[in-house]
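Structural overview for review
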Amino acid sequence: NAGVTQTPKFRVLKTGQSMTLLCAQDMNHEYMYWYRQDPGMGLRLIHYSVGEGTTAKGEVPDGYNVSRLKKQNFLLGLESAAPSQTSVYFCASSYLQGVTGELFFGEGSRLTVL
Amino acid sequence: TQLLEQSPQFLSIQEGENLTVYCNSSSVFSSLQWYRQEPGEGPVLLVTVVTGGEVKKLKRLTFQFGDARKDSSLHITAAQTGDTGLYLCAGRIVGGSNYKLTFGKGTLLTVNP
């Protein structure tokens, strides 16, 4: 199984450009998440989804939009990229709602905004 | 405000040494997880603890959840170079959403040969 796959793995943008990160999971998980990881800041939740057609804001949602049109895919969009959005983005999925649910992560997408 | 404080932030030791890293909070957690992240990869779950005072062992790794469910520790015995990585604790706050997992900033462990 591929697990959680993120595309692209690397991208360089200019300020003001837009782009979409794609996350695909083949584990039939209900819950999907987008995190960003910055040096000294740990993992911060951007948006998440508890099922197909649903999305919700996390800790740092400003400047990002998401969509979950299909259960297996979770898209993260940047409408007008800013240098502050330079980061490594991780998608994760989870199969269990309860307190012990394990998150399965992708390998990350490194985004640089010039 | 950082809900989960991890210490130390960086740790460099020699192979064969023992070490302990900590995860502390003023909040009570319904569960706490430890993940390890290697360079260029996503975090991978090591363990989940849910009961206050719980101790779990995974080969040379021992995890403990505090009695009050506000803190946790990870002890590694006889560290190996393969233990090198970023160790992240993550928890679900009591009364909060089970969907949301809050992460600490991590402890970056380097085990030198």
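Residues numbered from 1 in each chain as written. Chains lettered and ligands numbered in written order. Predicted model: local features only at pLDDT ≥ 70, side-chain atom pairs only at ≥ 80, totals over all residues. Heavy atoms only, no water.

1. A look at the overall build of chain A
When helices and strands are counted, chain A shows 0 helices and 11 strands. Start at the N end of chain A and walk to the C end: the helices and strands fall as β-β-β-β-β-β-β-β-β-β-β. Over its C-alpha atoms chain A spans a radius of gyration of 13 Å, differing by no more than 12% from the 13 Å that the globule rule assigns to 114 residues. The buried share among the 114 residues of chain A stands at 48%. When contacts within chain A are restricted to residue pairs at least 6 apart in sequence, those whose partners lie at least 24 apart make up 53%. When the accessible area of chain A is evaluated, it comes to approximately 5,300 Å², of which 52% is carbon and sulfur surface. Charge-centre separation for chain A: the mean point of 10 positive side chains lies 7 Å from the mean point of 9 negative side chains. (Helix = DSSP H or I, 4+ residues; strand = E, 2+ residues; numbered from the N terminus. Rg over C-alpha atoms; globule rule 2.2 N^0.38 Å. Buried < 20%, exposed > 50% of the residue type's maximum accessible area, 1.4 Å probe, protein only. Contact = heavy atoms within 4.5 Å. Areas by Shrake-Rupley, 256 points an atom, 1.4 Å probe, with all protein chains shown as cover. Lys, Arg positive; Asp, Glu negative; His and termini not counted. Charge placed at Lys NZ, Arg CZ, Asp CG, Glu CD.)

2. Concerning the interface of chain A and chain B
Each side of the interface is counted separately: chain A has 23 residues, and chain B has 23 residues. Summed over both sides, the interface of chain A with chain B buries roughly 1,900 Å², with 57% coming from carbon and sulfur. Summed over the shared surface of chain A and chain B, the result is 6 residue pairs in polar contact (both at pLDDT 80 or more). Of the residues belonging to the side of chain A that touches chain B, the class tally is 12 nonpolar, 8 polar and 3 charged. (Buried area = accessible area lost by both parts, 1.4 Å probe. Polar contact = N/O pair within 3.5 Å; in protein donor to acceptor, adjacent residues only side chain to side chain. Nonpolar A, V, L, I, M, F, W, Y, C, P; charged D, E, K, R; others polar.)

3. Regarding the pattern of salt bridges
One pass over the full model with this rule turns up 5 salt bridges over all chains. The residue lysine 71 of chain A makes a salt bridge to glutamate 30 of chain A at a minimum N-O spacing of 2.9 Å. Of this pair, lysine 71 of chain A sits in the loop between strand E7 (65-67) and strand E8 (73-78) while glutamate 30 of chain A sits in the loop between strand E3 (19-25) and strand E4 (31-38); the two residues are 41 residues apart in sequence, bridging distant segments of the chain. The shortest N-O distance in the salt bridge between arginine 60 of chain B and aspartate 83 of chain B comes to 2.9 Å. Of the two residues, arginine 60 of chain B sits in the loop between strand E6 (55-58) and strand E7 (61-65) while aspartate 83 of chain B sits in the loop between strand E8 (71-76) and strand E9 (85-93), which places them 23 residues apart along the sequence. What makes aspartate 83 of chain B buried here is its relative accessible area of 4%. (Salt bridge = Lys/Arg side-chain N within 4 Å of Asp/Glu carboxyl O.)

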